[in-house]
Amino acid sequence: MNPPFEVALATFGLLAVLGFAPARVLGRSRPWAVVLTPVTGALICATAASLCVLTRTPMTPWLASLGLAGWGALFVVQRRRSLAAELTSGEAWAVAAAFVVALVPVVLVDLPPTVSDARSIWWLHAAWFRAGGALASEAMGNRAYGGSLPAHPPLVPAVIAAVWHLDAAYDREVALRVSQLMTACSVASLGFVTTSALASRGRRAALLAAAVTWLAWSAKVTVGLNGLLDLTWAAFLVAGAVLWLAGDTDWRTVAAGALLVAAAILTKSEGQMGALLLLGLAAVRMRGSRASLGLALGAVAGAIGLWRSVVTPNANDTGDLRRMPELVEPGSPGWDRMVEALGDFAAHLGLPVLLGVLVVSAVVVLGRGPTLRIHQAGLVGLLVLAAGMVLGNAAVFALRPEDMVTLEQSVSYRAVIVTRLLVLVDVVLALVSARRALHLPPSRASTVAGKEVP
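This is a predicted model, so every value here is computed, not measured.

A.B. asks: Hey, could you go over unusual backbone geometry for me, with residue numbers and the actual values?
C.D. replies: Look at Arg 56: it is not a glycine, yet its phi comes out positive at around 55°. Tracing the sequence through the fold places Arg 56 in the loop between helix H2 (30-55) and helix H3 (60-79). Take Arg 56: its relative accessible area is 47%, and that puts it in the partly exposed class.

This is the structure we're talking about:
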């Protein structure tokens, strides 16, 4: 059998067995369940890895127990006849388009598994989880492994470890392929949920999902293919942000966003900061629904608390928090480093992102005028989140122990991926909403937010 195809079959088969049942319980339809299955399956793997480290036991019993619990929940819900709609054909086309486009770079590009950070961090962590909780716990507490950043979250390494349990243990080629497939799942989910926020259906939804998925890969395609996870967590977070800030406010949509945000948190440490910023913005929108707000808060707190119960972050992740007052003291070392980081981020983001911000701002301003009414939620919120991520990452750079040259050369270009994605998706939301408002009568245009547009 073709090795890449074999890895894909093992990965998607594992995620389907673990994740489809709970995804079907939470999803609004079968297409939604398909999109959420890889996310839910990966979250189960991350939970199993965390529990195996906490209890110093093997990982496989936890995988089996959590998987069976998911299918048990589906059985109970089916008995009560409380599942959501069985099938929505328009959504199915969007799902298919998103996943086909998401897999194109994985199929066409063949990179060797040689990137040092992927090997020494993510794949090494996967080897710990594959070997069992006792060894993983010992390794994570060993100072000799400090350079491998044991505090980084477990989601993708846990999926790799689970696939290694099926076949080809510790094979780096398998690890790379699993990493690529998880990135593909994250950008596909972003492509699909954007169509949902815009209430697109049929062929238009498929074209829109394909376009957004391709744009998501373009945010930094090499990072998504070489085993690093900066594009992976960013796409998960932005997908969650689209649902929480621009999508429907029913509990199933909020729950889908919760899964995606939890996945971002458990993929990379930066996801925690992004999730907390997003939660603050979502709380403003959800303030009228205690249930939705509680669900969002529970997802963020639960995902952060799960991994914090296993390991305590170090200065390489958060920086020296005792130096935070320097960030507001002009002329201090922390202030100077933060200003330098902001300049470096601006250089990486460049003119296209600036133009994107201007386009969205123009649409927001014009859409509130007397002749053009645009009712798309989340346009301002996504820009605020993008700005918050820039400032937050600059603050982390100012507090981290490494010198600025090292950070600018090896980290900056990856730190801005989430900001680039937020602006790209916001531009899509703004332009599609503006086009609808220009071509629809006022009575129809006002129903876009109510999801009545075909």
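The discussion continues.
A.B. asks: Go over the pattern of salt bridges, please, and point to the residues and values.
C.D. replies: For the structure on display, the rule yields 9 salt bridges. Ionic pairing is found between Arg 177 and Asp 110, a salt bridge with its closest N-O pair at 3.2 Å. One end of the pair, Arg 177, is in helix H8 (residues 172-197); the other, Asp 110, is in the loop between helix H4 (89-108) and helix H5 (116-131), and 67 residues separate them in sequence. Under the relative-accessibility criterion, Arg 177 is labelled buried at 9%. The salt bridge partner of Glu 173 is Arg 177, with a shortest N-O separation of 3.4 Å.

A.B. asks: For the packing of aromatic side chains, give the residues involved together with the corresponding values.
C.D. replies: In the structure shown here, the tally under the stated rule is 5 aromatic pairs. Look at Trp 32 and Phe 192: their rings are 5.1 Å apart centre to centre, the planes differ by 80°, and that puts the pair in the edge-to-face class. In this pair, Trp 32 is assigned in helix H2 and Phe 192 in helix H8, connecting sequence segments 160 residues apart. Overall, Trp 32 belongs to the buried group, its relative accessible area being 0%.

A.B. asks: Pulling in residues and values, what's your account of the state of the cysteines?
C.D. replies: Every disulfide links exactly two cysteines, by a covalent bond between their sulfur atoms. Tallied over the entire structure, the rule returns 0 disulfides. Among the cysteines around Cys 45, which has no disulfide bond, Cys 52 carries the closest sulfur, lying 11 Å off. Given a relative accessible area of 0%, Cys 45 falls into the buried group. Here Cys 185 stays free of any disulfide, with the sulfur of Cys 45 as its closest cysteine sulfur at 12 Å.

A.B. asks: So what's going on with the confidence of the model for the chain? Which residues, and what values?
C.D. replies: Mean pLDDT over the chain works out to 91, with 93% of the residues at or above the 70 mark. Here residues 442-454 scores under 50 on pLDDT; set against residues more than four positions off or in separate chains, the count is 22 contacts.

Scoring rules and cut-offs
- Residues numbered from 1 in each chain as written.
- Predicted model: local features only at pLDDT ≥ 70, side-chain atom pairs only at ≥ 80, totals over all residues.
- Heavy atoms only, no water.
- Helix = DSSP H or I, 4+ residues; strand = E, 2+ residues; numbered from the N terminus.
- Buried < 20%, exposed > 50% of the residue type's maximum accessible area, 1.4 Å probe, protein only.
- Salt bridge = Lys/Arg side-chain N within 4 Å of Asp/Glu carboxyl O.
- Phe/Tyr/Trp six-rings, centres within 6.5 Å; stacked < 30°, edge-to-face > 60°.
- Disulfide = S-S within 2.5 Å.
- pLDDT = per-residue confidence, 0-100.
- Contact = heavy atoms within 4.5 Å.

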